[in-house]
Amino acid sequence: MADSADGAAIRPPSVDALARSLGPSGLPHPILVEIARDAINDGDIASAPARADAFARRLLTPVVNATGVLLHTNLGRAPVAYSQPARAQSVEFDLTTGERGSRQATAGILLARLCGAEAAMVVNNNAAAVLLVLAALASGRDVPVSRGESVEIGGAFRVPEVIAQSGARLVDVGTTNRTRVGDYAAAIARPGVDAAMILKVHPSNYRVDGFVEETTVAQLATLGVPVVADIGSGLLDADTPWLGGTPPAWLGTEPAARQSLASGASLVTFSGDKLLAGPQAGIIAGDAELVARCATHPLARALRPGGLVMGALQQVTLAYLRRDLDGLPFWKMVATPVGELRARAEAIVARVRDLAGPTGAERLEIIETEAVPGAGSAPGVTMESVGIAVGGDQLAALRSLDPPIIARVRDHRSIIDLRSVLAGDDEVIAVALARIVGVATSTPDTP
Ligand SMILES: *Cc1c(COP(=O)(O)O)cnc(C)c1O
């Protein structure tokens, strides 16, 4: 912790001068000093501006997701707009009584209402939700899991390891491709097995096709042991009442919280930032007594979210109850008719013609694409979409813009998929494409 006076004494003057010359990067001076020192030590002073630029580009920043993967884990999954003033917040304060309240109470009521549960609570993510349920309800006891559901999901969420961490014991049931209700019954009845709950895991981004048999929640619920369903994706209700029509075909057989509870699950766990379309969070919903046991377990304190997340999640749950798609950007994207995407693509190309001239606009092609929900939700399904294609790999150029645009390359073309872009960003896309085709027309073709 050298103070700046000490630092100045041991620092060659050129480090400070070089750091000051990097001021336009907007980075704080102590960071620029470090960058300048590294550049000088490496004998490469000329690289200092590029190093500062690279550092600035590592800061978290809003981007336009034009990948067509709506819930892109590397891009923070569901897009959520949320801000709050620099004021205290009634996180654990009851405004009616003026006494201490619970941060879980209101979120719990709203979420329970949305999925037909007795009670619900919120933790930091779904991995935490599963860990807490296992620790609170099954520590030191046995948890039967189908071998077909003993999976790894996304960033190293591995079912056997989470069970081990919770202090519960995994009991393998059935086979990788077929597990019947009788297999579970036999596992529970085996001498020495003390089944605290059955854990049913939605394999999410993994699918077994062909000679496959899985046991339903309704069948498991007949075995006299609480059934916990980790549905992962956070679809609240298979009937999607917030869309005000028939559920989209791509949802297929994605398990939903309401239907899982109605068919006998004692608890469901799911993510806040997948199909729920909210901030990163994990939700535990179902039987009030079991939720209360989770809420009072010591781990709950370590896994609780702060007021920012609770506020954003509350906003999302209210948007569902109001059927306000503007408050649920993911569902707004999903519900956009493909004809509207095409009309937006045509308007973007027309705008590029204005900005970059007809020769530039001719380099763009409107194409049919297939978007996907992403984040392991509804694996293998696609949604009709529309993209704008431009020749060559333009990904780096698109990323270098402000805001950066994240696209993908297919068949030597860069594709901007409009399914994952909100209409408010169409002008950003048009300006970006005008730049690219403007530059491309004045330089030799990219191979
Ligand atoms: C995504 C997923 C998880 C992990 O959820 P996070 O919110 O990313 O921690 C766990 N279980 C299932 C079934 C999932 O799909």
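Below is a summary of the structure that appears in this document. (Residues numbered from 1 in each chain as written. Predicted model: local features only at pLDDT ≥ 70, side-chain atom pairs only at ≥ 80, totals over all residues. Heavy atoms only, no water.)

So, the sheet that holds strand 10 (residues 198-201)
- The five strands lie next to each other as 5-13-12-11-10, forming an open sheet whose pairing is mixed. The outermost strands of the open sheet, each flanked by one partner alone, are strand 5 (119-123) and strand 10. Mean inter-strand twist for the sheet, computed between neighbouring axes without regard to direction, equals 20°.
- As paired elements, strand 11 (residues 227-232) and strand 12 (residues 267-271) share four bridges and run parallel to each other. Counterpart to Ala 229 in the pairing with strand 12 is Val 268.
- Strands in contact with helix 6 (residues 126-138) are strand 5, strand 11, strand 12 and strand 13 (282-286); relative to strand 12, the strand with the most contacts, it is inclined by about 155°. (Pairing = 2+ DSSP bridges. Helix = DSSP H or I, 4+ residues; strand = E, 2+ residues; numbered from the N terminus. Axes fitted to C-alpha atoms, helices over the stretch in contact; angles between N-to-C directions. Contact = heavy atoms within 4.5 Å.)

Structural notes on the pairing of strand 11
- Of all six residues in strand 11, six are buried, a share of seventy percent or more.
- Across the two faces of strand 11 the burial is the same, with Val 227, Ala 229 and Ile 231 and Val 228, Asp 230 and Gly 232 all buried.
- As paired strands, strand 10 and strand 11 are joined by four bridges and run parallel to one another. Residue pairing in the sheet places Ile 198 in a bridge with Val 227 of strand 11.
- Since strand 11 and strand 12 lie parallel, the crossover through helix 10 (residues 257-262) that links them has a hand, and here it is right-handed. (Buried < 20%, exposed > 50% of the residue type's maximum accessible area, 1.4 Å probe, protein only. Right-handed = clockwise from strand over helix to strand, strands pointing away.)

Some points on the site of the ligand
- In the vicinity of the ligand, the contacting residues are Arg 77, Asn 125, Asn 126, Ala 127, Ile 153, Phe 157, His 202, Ser 204, Asp 230, Gly 232, Ser 271 and Lys 274.
- Measuring from an oxygen atom of the ligand, one finds a backbone N or O atom of Ala 127 at 2.9 Å.
- A distance of 2.7 Å is found between a nitrogen atom of the ligand and a side-chain nitrogen or oxygen belonging to Asp 230.
- Expressed as a share of its isolated accessible area of 390 Å², the protein-covered part of the ligand is 92%.
- At the level of elements, helix 6 and strand 11 are the ones that each hand at least two residues to the shell around the ligand.
- Tallied by class, residues from the shell around the ligand come to three nonpolar, six polar and three charged. (Near = heavy atom within 4 Å. Polar contact = N/O pair within 3.5 Å; in protein donor to acceptor, adjacent residues only side chain to side chain. Areas by Shrake-Rupley, 256 points an atom, 1.4 Å probe, with all protein chains shown as cover. Nonpolar A, V, L, I, M, F, W, Y, C, P; charged D, E, K, R; others polar.)

Here's the deal with the sheet that holds strand 14 (residues 364-374)
- The strand order across the open sheet formed by five strands is 2-14-15-18-17, and the pairing between neighbours is mixed. The open sheet terminates on both sides in strands that have one partner only, identified here as strand 2 (69-71) and strand 17 (408-410). When strand polarity is set aside, the average angle formed by the axes of neighbouring strands in this sheet is 45°.
- Pairing between strand 14 and strand 15 (residues 383-391): eight bridges, direction antiparallel. Across the sheet, Leu 364 pairs through a bridge with Val 390, a residue of strand 15.
- Helix 15 (residues 338-361) contacts strand 14 and strand 15 of the sheet and is inclined by roughly 10° relative to strand 15.

Some points on the layout of surface pockets
- Put simply, the largest pocket is a space of about 1,200 Å³.
- If you go around the largest pocket, you meet 38 residues; those closest to its centre are Thr 61, Pro 62, Val 63, Leu 75 and Gly 76.
- The set of elements that each furnish at least two residues to the lining of the largest pocket consists of strand 1 (64-65), helix 13 (307-322) and helix 14 (329-335).
- Per-element accounting of the lining of the largest pocket gives the leading share, three residues, to helix 13.
- Within the lining of the largest pocket, the residues separate by chemical class into 25 nonpolar, eight polar and five charged.
- Volume-wise, the second largest pocket comes out at about 860 Å³.
- Lining the second largest pocket are 40 residues, with His 202, Pro 203, Glu 214, Thr 253 and Pro 255 sitting closest to its centre.
- Listing elements by their share of the lining of the second largest pocket, those giving two or more residues are strand 10, helix 9 (217-220), strand 11 and helix 10.
- With three residues, the top contributor of residues to the lining of the second largest pocket is strand 11.
- Among the residues forming the lining of the second largest pocket, the class breakdown is 18 nonpolar, 14 polar and eight charged.
- There are two domains that each give the lining of the second largest pocket at least three residues, and those are domain 2 (64-78 + 336-437) and domain 3 (105-328). (1 Å grid on protein atoms, 1.4 Å probe; cavity = no way out; pocket = protein on both sides within 12 Å on 5 of 7 lines; lining within 4 Å. Points joined across faces, edges and corners; volume = space filled by probe spheres on them. Domains from an automatic or database assignment.)

What to know about the state of the cysteines
- Counted under the stated rule, the structure contains zero disulfides.
- Not part of a disulfide, Cys 115 finds its nearest cysteine sulfur in Cys 294, a span of 14 Å.
- Relative accessible area serves as the criterion here: at 0%, Cys 294 is assigned to the buried category. (Disulfide = S-S within 2.5 Å.)

Here's the deal with the pattern of salt bridges
- Tallied over the entire structure, the rule returns 20 salt bridges.
- Note that Glu 92 and Arg 304 form a salt bridge whose closest N and O atoms lie 3.7 Å from each other. Taken together, the positions of Glu 92 in the loop between strand 2 and strand 3 (93-94) and Arg 304 in the loop between helix 12 (298-302) and helix 13 put the pair 212 residues apart, joining distant regions of the chain.
- As a salt-bridge pair, Arg 408 and Asp 417 come within 2.9 Å of each other at their nearest N and O atoms.
- Each of Glu 92, Arg 100, Arg 103 and Arg 304 takes part in a single network of salt bridges with overlapping partners. (Salt bridge = Lys/Arg side-chain N within 4 Å of Asp/Glu carboxyl O.)

Looking at the environment of Gly 311
- Topologically, Gly 311 is positioned in helix 13.
- What makes Gly 311 buried here is its relative accessible area of 11%.
- Leave out the neighbours within four places in its chain, and Gly 311 touches Tyr 82 and Gln 89.

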